[in-house]
Amino acid sequence: MGENNKNIRRISQFILLSGSIILLIFEIAILVSTEPRGYDITIYHQLPTEFWYAHIMSYFVAAYLILKGSNKLFVKLEMLVVLVNYITFLLVPHVLGYVVVNRLDPLTNMGMMRAIITEGHIVKVDIYPANQIIYVVTSIISNYEIDHLTTTLPVVFSLFFITSTYILSKVFVTKQHKQLLFLIVTMYFLRYYHLHPTPHFTSYSIAPIGLFLLYKHVLSKNHELPINIALATFFLAVPFQHPFIVILFAYILMYHIVISKDMDLTPYLIVMSIVFIIWLTSSDLLIGAGDIIKTILQGEEPPRPPALTQGTNAFFSGISKVSLYDLFLFINLLYGRYLIPGIIIGISILRLNNRRSLFFITKKYKIVLFTLILSILDAFLLINPYITHVFERLTTLNFFVYGLIPLFTLSLDTILKRYKPSIVVALILTLIMALTLFGTYPSPLVFNPNRSIAYNEIIGAEWLFSYKETPYYVIDFVDPIDTQAGYRFLTFFYINANDRMQYSYSDIPPHFGYPINATSLYKNSYILISTQDRNLEKVRIKVREKPMFVSEDFEKLNTDSKINKIYQTLNIEIYRPVHKG
């Protein structure tokens, strides 16, 4: 009887394994057969619903069989299914014909990469060039254009992120947790930054390796020479990465030197600081650092409020303009990847008896302390008005995620050990994965349009810059989401300031200046309009009172006898007044 039950379980698991593989193949077949059709206001509508169902169900079945763990071969195969599933989703923008998934920093960084190839050296404004050098070297070796690398090479760095975070997490967890850790780390914790060809994401994905080496050193009684050499090499490279990564490692080193009295780390801090100061004084970073110091010493008002103030002001200005359901969906899609693990971590402590709770806190204090240390740094970057950034980035590329992932792993493991509900844990993991899946790309679900740039837009803008007659200015369409688009397009084609002198851009007034005579506003100008611009009215950006441009405005522009349409492709249109001013 027992043997029959065992055979039945084996057959049922084989059926589930086959089902997850079939779902994955079905998902890949849909993606491969999809023809790019240009920009859409949401990436999620550019693939059939079946694609998303297959992606989620494939992960769920794989997670369930991995957690059951009764067949080692099945577990390995399902881990491969999860990994391929992870990669497939990140390749969606590439298959759909997008160049990058964001219209701001990626365009400027691509301009720096193009400049290195055409000019043969790093341009002066490239203040942390390690990322650009990696892309340029890859482009030269592979003979693959930069424009085509920017949606594929970030996938490699995303894989590097999950691998390096997995390795770092194993400092705090044991081998028995590896399957659960794998399922957690292969979620999309970084949203669309998983596909950013920019220094902050590249540096963020590499940082866990440095943290792994550092904590192997800190937690090891016998400091091994290979670890010391690797650590020294890493800290020599840190100053050339994003400044926030320099802050991270300076902070961690100082904590262990001052609080933990680990004086063996002092040479690493000194070497990293010297290299950073040398690089700082030879680049434009010095100007920004000098401005910060000057502002602090003179007691002046900081140039902008802390990131937390910016974020809370935006949130509370729009909270009354959306329904409770939309607000709930918005919060969970953007922050459910933190909230649900946080709740699980709390439950794993509170639901255990006092003895087990004490065991969890005392025996696993290293990971709790590590997460707390990183959280304090994240909080500092959010609340200080001097060393800051935009709220969205500081709440997406969070350092505490490096600790959250192993801590969440340990917390879920306590539930598994006590109740053994593999299917319940698989459902919890699938829920979080689905939230990260639909929160990855900007969409109407989170009150934003798709911010990706289609190849057609790049081709159209390139045509304009090569066609433009000299007294004319290039005017970029005002982007209600961010007004930097014109500047970013210019830096894509002309990163050097001297080259940009022959071009300029300016804001377009709401509704193109209609109903008054709008033509007079555009003397000596070109007007660029993208598909995104035309469709912003359709997006559920309910926190904005009135759209700056509506469909009637575009109709008036098309019928204005004093303005000609001189270029049109699938995703971009270019207009110019008939008479020169």
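Residues numbered from 1 in each chain as written. Predicted model: local features only at pLDDT ≥ 70, side-chain atom pairs only at ≥ 80, totals over all residues. Heavy atoms only, no water.

Quick look at the packing of helix H8 (residues 153-169) against helix H9 (residues 178-185) now. Remark: H8 packs on H9, axes separated minimally by 10 Å, with the N-to-C direction vectors making an angle of 145°. For the crossing formed where H8 meets H9, the hand is right-handed. Every residue of H9 that contacts H8 at Ile162, Thr165, Tyr166 and Ser169 is listed here: Lys178, Leu181, Phe182 and Val185. Split into classes, the residues belonging to the contact of H8 with H9 amount to five nonpolar, two polar and one charged. (Axes fitted to C-alpha atoms, helices over the stretch in contact; angles between N-to-C directions. Helix = DSSP H or I, 4+ residues; strand = E, 2+ residues; numbered from the N terminus. Left-handed = near helix turned anticlockwise from the far one by under 90°. Contact = heavy atoms within 4.5 Å. Nonpolar A, V, L, I, M, F, W, Y, C, P; charged D, E, K, R; others polar.)

Enumeration over the complete set of coordinates arrives at 30 aromatic pairs. Plain terms: the ring middles of Phe172 and Phe370 are 5.1 Å apart, the flat faces sit at 25° to each other, and that makes the pair stacked. One end of the pair, Phe172, is in the loop between H8 and H9; the other, Phe370, is in helix H18 (residues 365-383), with 198 residues separating them in the sequence. Note on Phe172: relative accessible area 10%, which makes it buried. With 4.8 Å between their ring centres and 85° between their planes, Phe492 and Phe493 make a pair best called edge-to-face. Both residues of the pair, Phe492 and Phe493, count as buried. Following the ring pairs from residue to residue traces out a cluster consisting of Tyr44, Phe51, Trp52, Tyr86, Phe89, Tyr188, Phe438 and Tyr441. Here the basic side chain of Arg337 rests over the ring of Tyr338, its NZ or CZ set 4.4 Å away from the ring centre. (Phe/Tyr/Trp six-rings, centres within 6.5 Å; stacked < 30°, edge-to-face > 60°. Buried < 20%, exposed > 50% of the residue type's maximum accessible area, 1.4 Å probe, protein only. Lys NZ or Arg CZ within 6 Å of the ring centre and 35° of its normal.)

Another aspect to go through is the pairing of strand S6 (residues 572-577). Two faces belong to every sheet, and in a regular strand the side chains alternate between them. Within S6, six of the six residues are buried, which leaves it mostly tucked inside the rest of the structure. Between strand S5 (residues 563-568) and S6, which follow one another and run antiparallel, lie three residues. (Pairing = 2+ DSSP bridges.)

This brings us to the pairing of S5. Relative to S6, S5 runs antiparallel, the two being bridged by five bridges. The residue of S6 that forms the bridge with Gln568 is Glu573.

Bringing the confidence of the model for the protein into the picture now. Considering every residue of the protein, the mean pLDDT works out to 84; 84% of them sit at 70 or more. Here helix H17 (residues 354-363) stands out as the element of the protein with the lowest mean pLDDT, 50, in contrast to H8, whose mean of 96 is the highest. (pLDDT = per-residue confidence, 0-100.)

Our next topic: the side chain of Gln241. If you trace the backbone, Gln241 turns up in the loop between helix H11 (225-237) and helix H12 (243-258). Not counting the four nearest positions on each side in its chain, Gln241 is found in contact with Tyr128, Ser203 and Ile206.

Looking now at a nonpolar patch on the surface. A cluster of nonpolar side chains, Ile122, Ile133, Val137 and Ile141, forms an exposed patch at the surface whose accessible area comes to about 350 Å². Take Val137: it is sitting in helix H6 (residues 130-142). Judged by relative accessible area, Val137 falls into the partly exposed class, the value being 40%. (Patch = residues over 30% accessible without salt bridge, like charges linked within 9 Å, V, L, I, M, F, W, Y side chains within 5 Å. Areas by Shrake-Rupley, 256 points an atom, 1.4 Å probe, with all protein chains shown as cover. Salt bridge = Lys/Arg side-chain N within 4 Å of Asp/Glu carboxyl O.)

The subject of this paragraph is the packing of H12 against H18. Any two packed helices are characterised by how steeply their axes cross, that is the angle between the axes, and by the distance between the axes. Two elements in contact, H12 and H18, have axes separated by 11 Å at closest approach and are oriented at 130°. The orientation of H12 relative to H18 falls into the category oblique. Relative to H18, the crossing made by H12 is right-handed. Touching Phe244, Ile247, Leu248, Tyr251, Ile252 and Tyr255 of H12 are Leu369, Ile373, Leu374, Ile376, Leu377 and Leu381, all from H18. Across the contact of H12 with H18, the residue classes break down as twelve nonpolar, no polar and no charged. (Parallel < 35°, antiparallel > 145°, perpendicular 65-115°, else oblique.)

To continue, consider a positive patch on the surface. Together, Lys72, Lys76, Lys170, Lys175 and Lys178 make up a region of like positive charge exposed at the surface. Topologically, Lys178 is positioned in helix H9. For Lys178, a relative accessible area of 40% translates into the label partly exposed. (Lys, Arg positive; Asp, Glu negative; His and termini not counted. Charge placed at Lys NZ, Arg CZ, Asp CG, Glu CD.)

So, about unusual backbone geometry. Even without a glycine there, the phi angle at Asn143 is positive, about 55°. Structurally, Asn143 can be placed in the loop between H6 and helix H7 (146-149). Overall, Asn143 belongs to the exposed group, its relative accessible area being 71%. Notably, Lys261 is not glycine yet its phi reads approximately 60°, a positive angle. Looking at where Lys261 falls in the secondary structure, it is placed in the loop between H12 and helix H13 (266-281).

In terms of nonpolar packing, the biggest core is built from 132 residues, with Phe249, Phe399, Tyr402 and Leu429 touching the most fellow members. If you look at the next biggest cluster of nonpolar residues, it comprises 13 residues, including Leu107, Tyr455, Ile458 and Phe489. (Core = buried A, V, L, I, M, F, W, Y, C linked by side-chain atoms within 4.5 Å.)

Glancing now at the pattern of salt bridges. Scanning the entire structure with this criterion turns up eight salt bridges. Note that Asp40 is salt-bridged to Arg37, the shortest N-O span being 4.0 Å. For Arg37, a relative accessible area of 44% puts it in the partly exposed group. Close ionic contact of Glu457 with Arg103 constitutes a salt bridge, the shortest N to O distance being 2.9 Å. Of this pair, Glu457 sits in helix H22 (residues 455-467) while Arg103 sits in the loop between strand S1 (98-100) and helix H5 (105-119), and the two are 354 residues apart along the sequence.

With respect to the secondary-structure elements, Thr266 resides in helix H13. We classify Thr266 as partly exposed; its relative accessible area is 22%. Taking C-alpha positions, Thr266 is 8.2 Å from Met254, a pair spaced twelve residues apart along the chain.

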